[in-house]
Amino acid sequence: MKKTEEIFSTLGLSKDNGLYLTNEDRWKTETSFPNRVKRLIERKIEPTAFFCFDNKPMILFFDNPANKADLHEAIWNFNECPIAIIIENDMVEIFNGFNYLKDKRSLEKLGENDNLNDFSYFELVTGRTWEQYKEHLDYKNRVDYHLLQNIKAARQLLVGDNEKRAKLVNALLGKVIFVRYLIDRKVKMKFNGKLRTWTNAEFCALLDNPQQIQQFFEYLEDKEKGFNGDLFPLSASEYKQVRKGDYQVLKRLLLGEDIAKNQPSLFELYDFSIIPIEFISNVYELFIGQDNQKKEGAYYTPLFLVDYILKETVEKKLSNPDSGYSCKVLDPACGSGIFLVETLRKIIEKYVADTGIEPKEEKNKFIKAIKNLVKENIYGIDKDESAVQVAIFSIYLTLLDYLEPAAIEDAFKFPLLLNTNFFHADFFDEGKDFNKILGKIEFDYILGNPPWMRGKGEKTKPLYVEYIEKRRKEEQRTDNPQIEIGNKEIAQAFLIRSRDFSKPVTKCALIVTSKVLYNLQSKSFRKYFLHNFFIQRVFELAPVRREVFDKSNDKAIAPACVLFFNYSNGTSTDLNIIEHIALKPSRFFSLFKIFTINRTDFKEVQQSKLKEYDWLWKVLVYGSYLDFNFLLRLRNEYDSINDFLLKSKALVKQGIKRKDGDKKINVTELVGWDFLDLNKKEIEQFFITPKHHKWKLKEVGYIFREDNQVCKDVFTPPVLLIKETVNTKLESISAISTKKILFTDKVTSVKYRESNDTNSYHLLSGLINSTLFAYYVLNVSSTAGIMIEQQINDEEKFGFPFKFSDNVIDTAKEIERLKKGIFSQTLVDNGKKQELREKEFLINKHIIKTFELSHQEKALVDYAQNTMIPMAMKHKNFSAIFHSLDYQDSILNEYAQLFLNRFQSNLSNKDRKFIVEVWHTNQIVGMFFKVIPAKEYNGDIIWKSKQDSDLEILSLLTKISSEKVTDKLFVQKDIRGFEEDYFYIFKPNERRLWHKAIGYLDVNEFADAILKAGKKGW
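One structure accompanies this document, and this report is about it. (Residues numbered from 1 in each chain as written. Predicted model: local features only at pLDDT ≥ 70, side-chain atom pairs only at ≥ 80, totals over all residues. Heavy atoms only, no water.)

**Considerations on the overall build of the protein chain**
For step 1, the next point in the chain: The helix and strand tally for the protein chain stands at 41 helices and 34 strands.
For step 2, the next point in the chain: Its C-alpha radius of gyration of 32 Å places the protein chain within 12% of the 31 Å reference for a compact globule of 1018 residues.
For step 3, the next point in the chain: Referenced to the eigenvectors of the C-alpha coordinate spread, the extents of the protein chain come out at roughly 95 × 85 × 65 Å.
For step 4, the next point in the chain: When each of the 1018 residues of the protein chain is scored for burial, the buried share is 59%.
For step 5, the next point in the chain: Partitioning the contacts of the protein chain with sequence separation of at least 6, the portion at a separation of at least 24 is 73%.
For step 6, the next point in the chain: For the protein chain, the centre of its 152 positive side-chain charges and the centre of its 145 negative side-chain charges are spaced 4 Å apart. (Helix = DSSP H or I, 4+ residues; strand = E, 2+ residues; numbered from the N terminus. Rg over C-alpha atoms; globule rule 2.2 N^0.38 Å. Buried < 20%, exposed > 50% of the residue type's maximum accessible area, 1.4 Å probe, protein only. Contact = heavy atoms within 4.5 Å. Lys, Arg positive; Asp, Glu negative; His and termini not counted. Charge placed at Lys NZ, Arg CZ, Asp CG, Glu CD.)

Printed below as a string of structure tokens:
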């Protein structure tokens, strides 16, 4: 143990910053791991110690373990901890807990003693460790990925081309997984009269005999001899549909054959007694099938989101000493039941804590109690039968998780849950029995992840659309805004339907597509929802949409958010305060789903503001109240481009739509015209290439017509052509066409019929091809950084402010001239390219001057351009925004200068000076804002390099911060406060956190705090 303690010291790990020794009970009380994880750590993995960060085990330490081969398998199956460090005598080996090498019967080795510094405390919590080893931690090495691929291949072979077999195959796979779970937990089974444990090989032998395997499955479900319950039930006629070859596929799967590749797999290494709940969710996704998934809009729910939602709901209720262990939860689209499973875990654990009943000592009483806890608290609905079966199966496994094998095999019976607690039905079918049964229950929470889909192409009207139409008729005579759902989006209907099962105590938290908050077609829905529901919190995941869903099965990258809300019961919602959190990308989140929330990612907004300014929803994602004030100024002080176009009576139309249903319009007269091919990038900012292909089609689906004639003005020069998409910097792509040219509906034409003067075209092109326009798009567009990143509709484009400027016009003409010249050159003229870059910089400078931006507003635009847009659009080198700043970096200097500008005039005089003292390390930067005697003054900004003094800084922060330093600094991204003689701020050393735009927010917050506190002497 001495060597192990030396390693802890070398790594800077201690009991104060997340190190736990497993021979001390404090790890059980101070961590809030699920019971399954605690049990596995204590009984299966048995580490000497572990390092925990944000309630996640990150490193397991083992001191001279007995059986390393078995240990490596267990760690990989555990699937919770990325790093294992094994100490044997004086030797240290570091292993990848997520990658098992079958040929070596070992985890992948990452290094030895020389690599220890890569896993020091500050390397771990700042994310540098994970950045260095990210390739090794690839999700395709993890146990759940391999297991899922094996099951998926078997299912595809069993179903074949006959989707009608899906239910049968799902049931067979579910039964096989259950049996393997019992085998791996060493639960004795009394098949054929003898109570004994089984092996995987013995079970596989049964699969050679269809009659025997059917009898075995029927035994498991038998009310007297087996487990009873609703465990993937199959009728006698359904068993007859099982082919002998089906059982052979299952046997090959269990014996470790990679069915897809006809070679050995890792299946024999899987330990189903450690089966992760995420796997059940992935199985559900497979069970409903990819085609059905697309049709129904159903996707699995990542466990980290479940944990977050339950932490904000169920855990808060159960943590109240007076709440007992009752917590009634409904999931209206339960899928695999993951919300209900994790809720049940928390209820059972609260029951054990409150009653003191131990499962081992009072087995019968405990079994009866946990069955009742299910029956009295857990309710789910889903329109997919396989989903309901998997959900019930998941609940059953959860009950077994709390029992020892002896208790399971001693005549344990599953409770019957189908049609009492779980219902196979459409949530919008008001004629089904669940309406009466669940309508009588006072639910504490309605939680879940309802489907995301639009009701397009339906032959019959979906039930949810009928439901909304019925509600609209019922509410016509009220003062309510009219009930609407945009684009027939089913997620919106789920939000509204929750009211029907809400009592005054009921709170809701549903994961929905983020589009409900931004889509222009959903404005009426938002108006209705804001009027009728209190929104407590919005947890926006659109900026991390690519990382939200586990990559193990090619999940959708649709944007998601979590809405916490409750029905208002007619009470005004105007004064309600909404908490808004927009999660941003980080290495921690990508790998471990640990939230790293910058202070500026958290906002509070009055609900009435969102009613008044619908575009504020988007500002809350990437902006701040400073951005809102700036955008509001632009809107109030200037006309929009759209206002200008209306006054000018400009013709604004999209081009030809090649197909539009069965519509056919004769355009023979246009054959032979030049055609602008977007696939060949024939248009860029300020320039259209001179050579084009000729238009050949004689018929199209749509083209703008006047007096039933094709309107050629749309295509006749001069016109300004604007691409539907913006570039990756979010600037528009527009240029003036000086010859007749056709284009598709992916381009919008602006045509002034009363004048051929191109000045207005150059002005508009200059405005929307600018960095200020990109800033505007980031903060206002319903799509940029949310879903279809580069597709911006015309309504939002033309909402940009308009102001006449000769400088902008002249510079736009110069850029156009330079681009034409460069295009015509055979050899590259670097001088011309440099001149072009200077003109592009100049036009942005003119636009900023035209709209009279303040220093603060310029900083906001710069922050959007160089930090937020690269992050939102995943620019090639966007990770540079997370890089550290050098000692005395100009960015830190500018940040400090903001505080000097705000406070120095009031706090400095001949006797005293207000200064900023900067502490710098590669991991952390701190600033102290002090008033010192004038005789000690040695400059406004005092720099102190604290490199290699990280622990000194940590010690200081521990003294001055009332909250846990690690979480606050590296997860919440800063700590700040006041002492008697100074105030201070510490943040990780990341470029994005010290930008001037963030500095304006920080300095305002300190100024407000000083004003409210009435600090004497400040």
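**Details of the sheet that holds strand β28 (residues 734-737)**
For step 1, the next point in the chain: With antiparallel pairing, 4 strands are arranged side by side in an open sheet as β18-β29-β27-β28. Among the strands making up the open sheet, the edge pair consists of β18 (651-654) and β28. The average angle at which neighbouring strand axes cross in this sheet is 25°, direction not considered.
For step 2, the next point in the chain: Bridge count between strand β27 (residues 719-723) and strand β29 (residues 747-751): 4 bridges; the pairing is antiparallel. The residue bridging Leu720 from the neighbouring strand is Val750, located in β29. (Pairing = 2+ DSSP bridges. Axes fitted to C-alpha atoms, helices over the stretch in contact; angles between N-to-C directions.)

**Considerations on helix α8 (residues 166-184)**
For step 1, the next point in the chain: Given a rise of 1.5 Å per residue, 19 residues ought to cover 27 Å, and the 27 Å separating the end C-alpha atoms of α8 matches this to within 8%.
For step 2, the next point in the chain: Most of α8 sits out of view: 18 of its 19 residues are buried. (Expected span 1.5 Å × (residues − 1).)

**Let's talk about the packing of helix α17 (residues 338-355) against helix α19 (residues 385-401)**
Two measures define how a pair of helices packs: the angle their axes make with one another and the distance between the axes.
For step 1, the next point in the chain: Relative to each other, α17 and α19 sit at 25°, their axes nearing to 9 Å. Overall, the two elements α17 and α19 adopt an arrangement that is roughly parallel. Along this stretch, α17 crosses α19, giving a crossing that reads as right-handed. Between α17 and α19, the residues in contact are Leu340, Val341, Leu344, Arg345 and Ile348 and Ser394, Ile395, Thr398, Leu399 and Asp401, respectively.
For step 2, the next point in the chain: Tallied by class, residues from the contact of α17 with α19 come to 6 nonpolar, 2 polar and 2 charged. (Parallel < 35°, antiparallel > 145°, perpendicular 65-115°, else oblique. Left-handed = near helix turned anticlockwise from the far one by under 90°. Nonpolar A, V, L, I, M, F, W, Y, C, P; charged D, E, K, R; others polar.)

**Notes on the packing of helix α37 (residues 855-872) against helix α41 (residues 996-1013)**
For step 1, the next point in the chain: Contact geometry for α37 and α41: axes closest at 7 Å, N-to-C directions at 130°. What the angle tells us is that α37 and α41 run oblique. The residues of α41 that touch α37, namely those facing His855, Gln856, Ala859, Leu860 and Tyr863, are Lys996, Ala997, Ile998 and Tyr1000.
For step 2, the next point in the chain: Grouping the amino acids of the contact of α37 with α41 by side-chain chemistry returns 6 nonpolar, 2 polar and 1 charged.

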